[in-house]
Amino acid sequence: MAKVQNFDEVNRKNNLEDVLIVGNKAHFYWKNYPNRSNKKEWVYSEEWGLFCQLIQQSIDETPLILDLSMHQNIQETEIATQQEYLSIIFLDDVTEAQKSALFLNLAKTTQIRMIKIFDQNLVAQNIAPDFLQKIRNDEELSNRQAMHAKEAEEKADDDTPIMIKTAKPAEIKFADNGIKKGLFLIDENDKGINYHWLSDKFDVIGQGVEIEEGNLHYSMLCFKSNGNQEEITEAILQGEIASAETFKNLRNKGLEINYVTKYHPFLANYISSKTITATKWRIVSSSGWKNGAYIYPNGEIIGEMDNKQPLFLRNQPINADLFNQSCTLAEWRENVAKYAKGNDLIILSLLFALTAPVLKIVNAPHFGIHIYGDSSKGKSICSHIANSVYGHGKDLERSWSATRTALINEAIARNDCLLVMDELTNLSPDLGVGITYELFQGVEKMRGNADNGQNRRIRNWQTMILSNGEKNLVDQLKDIFKEKKGNVVKAGELVRMLNIPFEGLTNFHQFALDPNLPTPYHKSLAFVDFIKGNTGKFYGVAGREWINFIIQNKPLLNTEKEKHERAFIDKMIASKPKDIAYEELNQIGRVAKNFALLETVGKCSKHITGLNDDEIETAIFNCFTLWVNEFGWGNKEKMQIIENLDLFIQQNIGDLYHVRNKQIVNTPVSKKFVGFYFEEDTRENSYLILDKRNLLLEMGAFPEKKIIESLLKEKRLIRTERKDKDTWRNESTYPTLQDKNITTPTKRGLKITLPLEE
């Protein structure tokens, strides 16, 4: 009697449970050779590996192989000896008659009590586990199996060729076989109709184009996650539909897909064919305004695009659900917004958040606010209330402890929206000086693509950033980057990220009258905890209501912006010190326009916040005053140049040749030549002549022309008249001294006056 392949090896182990693979060339379902030029290198097939995972056995366990191309007479084939349990995999080419012959053989010649049947897609078949016992005990069933088995033997001996019917093209349809629902591949051949499960049900709802990425084309899929039944919409690049990575990502999102890779091309073709006739979509990679519609950072669409196309956000931030809405507008106003009243910086933060989606509508630049002050004063609630406009008060906050790429990605994910950054102290020195400047430039660095010889697409963003910390931006960055000379923050950064000191809360509302809170500290602590709790319960509604208002009132916002800008500039000019020239107000005037925009937003959003005109005007101008007192009236770059000059003098005074009455009274120890200090009868008449090269090196990144102009304007540089021309020179000739050993690198230096004593 013939034996199945691996008979001796398997039965020597005396296992109680084994596996039998049945079909033409069944061996290849177990092992195959990836390199057809070397057929000695056998490897386990993907299907065998998946089956072993399914029944939780080692992949190294050897199965019994019944190759029907070699064992046509199943009745005369020895299959098993000691086994009591057998799992059988029927390949698609096994006929019902051949299955009956096998069952009859196992019932008559083995001791097997229980069987499990699988098709070649590893789908369990609906057959009683004790089917063999029934054949043994039921004569009628046994005779029926014998009749079917005889048909298999007759076909094996019949040399008459089989008439093959013309097969219909395979189709993919939604079906239910009693075990699985989903998309099935349905094909018809000479043996009948075959159903092969491909995946859970999904719909192809659109074909998308991402213009910003160079007209990339996508297929839009919609399905319910098999875990929590959440509806998922996914955009798949059309060129990657058939890739293993695509099917892996879909499985990770909750779409169950057949692991047998030979069916994946059928799914890919199905998706591609459905995409051609599907609705056109616009795919975007950042939130914000898109052709008239606003896309929230969590992918929610407010309004509709001018061409009525549906929108889809491809890149959503982590924890996008934090942008959900938790309450009504009345609840948010009653439990959050009303507590801004009487606290200028809270009002500022609230209106700052609402300004984010207005920028593009009124063509205004984005900017940031850095609120600083001692810890435990309550400045964190400014961030929480601002966040509550769009989502969860606390959890939407991000840390400055991040990489440069992560910060840029987060800014892009919040395009035309708010980004709250916590504790500037955590900023990593690895980011380098200028990270805040880069964030407010709103454009990514240009980078090349080695694969195609072109530059990568440059990403843009317009994100409002609200930051907090214990020190102002300049002092904090000096500490982080260990800079003791010059300025680590450019003037341009200080008019983009506005430093505003937090001097404490001024209105504790109902907590001010609580007899159980004896001191302002207790009142402040209770108030802050109360607000923090409320912003975690009531959030997300104000931003949605405000964006809907913006969509309906774009002309109004532009008109109001122009009106409030003129009025605010007039107030700024009226409050400036008399000794500040109008041409010195350029930088301050730029920032004044930002505060005017905050006031515009405040007055247009009164129906949302519940604030009145007087509260808004007072709070915004008070905060502007706090900022300008911190920044300083006048040109910031000029002020920084003068600060750098005085710092240079202070640090190098000991390295100057000290001259009194044309006599050197003190010689520096350092060999580096810095200059001379000429002491006269009064401090006003005393002066320095400094080596120009050394001085300019220590003055920061300012151009020489800018430095000279600033020193002249502040009367800190004394020019000398040329002898032969009616002109002036910036440098002064070093005087002749009795000590002939002094060697100067040049004949001339810069003649500098001493700073006035305060």
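Quantities reported herein were computed from a predicted structural model and do not represent experimental measurements.

Draft legend 1. Layout of the confidence of the model for the chain. Considering every residue of the chain, the mean pLDDT works out to 86; 91% of them sit at 70 or more. Contacts from residues 156-167, a stretch scored under 50 in pLDDT, to residues over four places away or in other chains number seven contacts.

Draft legend 2. Layout of helix 25 (residues 704-713). When helix 25 is considered as a whole, its buried residues turn out to be Ile707, Ile708, Ser710 and Leu711. All buried residues of helix 25 project into a common sector of 165° when viewed along the axis, lining one side. Every exposed residue of helix 25 that faces more than 90 degrees away from the buried side is listed here: Lys705 and Lys713. Buried residues belonging to helix 25 abut helix 23 (636-652), helix 24 (692-697) and strand 34 (748-753). Residue Lys715 follows helix 25 closely and has a positive phi angle near 55°.

Draft legend 3. Structural context of the side chain of Ser710. Relative to the helices and strands, Ser710 is located in helix 25. If we ignore the near neighbours within four places in the chain, the residues touching Ser710 are Lys638, Ile641 and Ile642.

Draft legend 4. Representation of the packing of aromatic side chains within the structure. For the structure on display, the rule yields 30 aromatic pairs. Where Phe508 meets Phe527, the ring centres are 6.4 Å apart and the plane angle is 70°; that geometry is what we call edge-to-face. Of the two residues, Phe508 is situated in the loop between strand 26 (497-501) and helix 17 (520-535) and Phe527 in helix 17; the sequence distance between them amounts to 19 residues. Looking at Phe527, the relative accessible area reads 0%, which means it is buried. Joined through ring pairs, the aromatic side chains of Phe568, Phe595, Phe621, Phe624, Trp627 and Phe631 make up one cluster. Positioned above the aromatic ring of Tyr687, the side-chain terminus of Lys751 is 4.4 Å from the ring centre.

Reading the values: rules and limits
Residues numbered from 1 in each chain as written. Predicted model: local features only at pLDDT ≥ 70, side-chain atom pairs only at ≥ 80, totals over all residues. Heavy atoms only, no water. pLDDT = per-residue confidence, 0-100. Contact = heavy atoms within 4.5 Å. Buried < 20%, exposed > 50% of the residue type's maximum accessible area, 1.4 Å probe, protein only. Helix = DSSP H or I, 4+ residues; strand = E, 2+ residues; numbered from the N terminus. Arc of directions from axis to C-beta. Phe/Tyr/Trp six-rings, centres within 6.5 Å; stacked < 30°, edge-to-face > 60°. Lys NZ or Arg CZ within 6 Å of the ring centre and 35° of its normal.

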